[in-house]
Amino acid sequence: MTGATVHFTDAADGVHLAWASQGSGPALVLSRGWITHLEHSMAMPAFRRYVDVLATAFRVVRFDGRGNGMSDWDIPRPVTPDDLVGDLAAVIDASGAAPCVLWGSSWGGPAAIAFAAEHPDEVTHLVLDGTFADGDRLATAERRAAFLSLFDVADAAPDAVFAALSHLTRPDADDATANLAARGRGTIRPDIARELYTLLYEIDVRDRLPSVDAPTLVLHRRRSRAVPFDCGRRLAAGIPGAQLVALEGSAHNVWDERPEESLAAVGAFLGVALVDEPAGAPPAAPTTAILFSDIVASTADQSRLGDGLAYERVRTHDTELRAAASRFGGREVKHTGDGMMVAFPGATAAVSAAVAFQGRLAERRGAEPERVPWVAVGINAGEPIADDSGDLHGLAVTIAARVCAAAARGQVLVTAVVRDLTTGSRLRFRSVGPHVLKGLDEPVELFEALPLDA
């Protein structure tokens, strides 16, 4: 992420919520809809650029609602509309954002509307885009049933389901947004997605509209397939003094099509200049966290156990690491024979995936010790160079490999850079002192990532 650190706070019922902020100035809290992941989202150039522009004038606070992204996926009971408002309230409180500009997008809009109505002193302005007050108006009963039936095949064909969800908000998806299907698998479980989308149709905050005192701007795409334009029109009509700006095009998200139009409208509404970067401007180099894994004593185990069982151990490693990488937004760069190289959009995601991976191996080892290998993991972060094949090169990658070589079995070692980038997260580390890494002139201080319950 661009200048953002992931933090965690607890909702009223104990669910852990992940949030991040960037920029300086008055607070702008973004209550997003659909499927969110703090780090996955910033891997999408259009969204990243949009937030970067907002951060030139505001401290932008984003969060993952319960069941999404880096927040808790295991939630104690079915989600209610009050939970969505409570999550928003918890993040605003934890981030010290009040009073703030509150921006409700898609199904994050109803929660923003309810919060603005209930806490008028904490919201200076309300921006609503692509959202609604009455979920019953989003689709006919037949279309609703057909849409929810998608999730019946989610276990067998998750890519198809997430691709369909992506197509709903961006019908003309290009190569960059086509990756949304893959990101979706690591952002939310299909069963939680179905629960949240079912709730979507039941939400009704029409009775809160007259109580919204904050100046309100409503943005809505005329040809949105996700939320009909009439929903935006009715929303603006129900809030006293609200302004409605109709945006042309079919991409539901304001950042996906002619973002300069919505930025200009928001800037005029808030009295600030929000100017998108020129199309030819090079993007800021993203920080990438590089993870290497290595199956410890793999050759000796192959000789001792035989080819068949040794192969099963490699498969166990691959299956569990790919699952953890998908959960936290990692991209498998290459298989190294006895391990794997995975790139993550942020250090918190990389370490979280590594800790989850080692925990899962330990759990399985108790039941089938011969089939589960011991694995060493090393992580570094930097700005590697990518070639045409997607492979990564450079000193940041070399150091990650060397850190992995220094790790003991079952251990996750990281550099000081990685530890510092995770400041504010729930991750914990123990210094293991300076290590001499091959090819480096000076010793490098390394840290062991500890299980969350350690």
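Residues numbered from 1 in each chain as written. Predicted model: local features only at pLDDT ≥ 70, side-chain atom pairs only at ≥ 80, totals over all residues. Heavy atoms only, no water.

**Quick look at the sheet that holds strand β9 (residues 288–295)**
So, step 1. In space, the 7 strands of this open sheet follow the order β10-β11-β9-β12-β15-β17-β16, with mixed pairing throughout. This sheet does not close on itself; its edge strands, each paired only once, are β10 (331–335) and β16 (428–435). The average undirected angle you get between the axes of adjacent strands in this sheet is 25°.
So, step 2. For strand β15 (residues 412–415) and strand β17 (residues 444–450), the ladder comprises 3 bridges, and the chain directions are antiparallel. For Leu413, the partnering residue across the bridge sits in β17 and is Glu448.
So, step 3. Here helix α13 (residues 307–327) sits on the sheet in contact with β9, β10, β11 (339–344) and β12 (375–382), set at roughly 5° to β11. (Pairing = 2+ DSSP bridges. Helix = DSSP H or I, 4+ residues; strand = E, 2+ residues; numbered from the N terminus. Axes fitted to C-alpha atoms, helices over the stretch in contact; angles between N-to-C directions. Contact = heavy atoms within 4.5 Å.)

**As for the packing of helix α3 (residues 81–95) against helix α4 (residues 108–118)**
So, step 1. Where α3 contacts α4, the two axes come as close as 9 Å, and the packing angle between them is 65°. Looking at the two axes, α3 sits roughly perpendicular to α4. Here the hand of the crossing between α3 and α4 comes out right-handed. Between α3, through Leu84, Val85, Leu88, Ala89 and Ile92, and α4, the contact on the second element is made entirely by Ala111, Ala112, Ala114, Phe115 and Glu118. (Parallel < 35°, antiparallel > 145°, perpendicular 65-115°, else oblique. Left-handed = near helix turned anticlockwise from the far one by under 90°.)

**With respect to helix α2 (residues 45–54)**
So, step 1. Taking burial as the measure, the 10 residues of α2 include 7 buried ones, the bulk of the element.
So, step 2. All of the buried residues along α2 are Phe47, Arg48, Tyr50, Val51, Asp52, Val53 and Leu54.
So, step 3. Taken together, the buried residues of α2 touch β2 (16–22), β3 (27–31), α1 (38–41), β4 (59–64), β5 (100–105) and α11 (259–270). (Buried < 20%, exposed > 50% of the residue type's maximum accessible area, 1.4 Å probe, protein only.)

**A look at the nonpolar core**
So, step 1. By size, the foremost hydrophobic cluster in this structure holds 55 residues, and its most contacted members are Val29, Leu102, Leu128, Phe132 and Leu235.
So, step 2. Ignoring sequence-local partners within four residues, the contact set of Val29 consists of Val61, Leu88, Ile92, Ala97, Cys100, Val101, Leu102 and Trp103. (Core = buried A, V, L, I, M, F, W, Y, C linked by side-chain atoms within 4.5 Å.)

**Some points on the sheet that holds strand β1 (residues 5–10)**
So, step 1. If you walk across this open sheet you meet the 8 strands as β1-β2-β4-β3-β5-β6-β7-β8, and the pairing is mixed. Every other strand in the sheet has two partners, leaving β1 and β8 (243–247) as the edge strands with one partner each. Each adjacent strand pair in this sheet contributes to an overall mean axis angle of 20°, direction not counted.
So, step 2. With 6 bridges joining them, β1 and β2 adopt antiparallel strand pairing. Bridge pairing in β2 links His7 to Trp19.
So, step 3. Packed on one face of the sheet, α2 meets β2, β3, β4 and β5 and runs near 140° to β4.

**Description of the confidence of the model for the protein**
So, step 1. Residue-level pLDDT values for the protein average 85, and 86% of them are 70 or greater.
So, step 2. Low pLDDT, under 50, characterises residues 174–181; the stretch is placed with 8 contacts to residues that sit more than four places away or in other chains.
So, step 3. Contacts for the low-pLDDT stretch residues 278–285, under 50 throughout, to residues beyond four places or in other chains number 3 contacts. (pLDDT = per-residue confidence, 0-100.)

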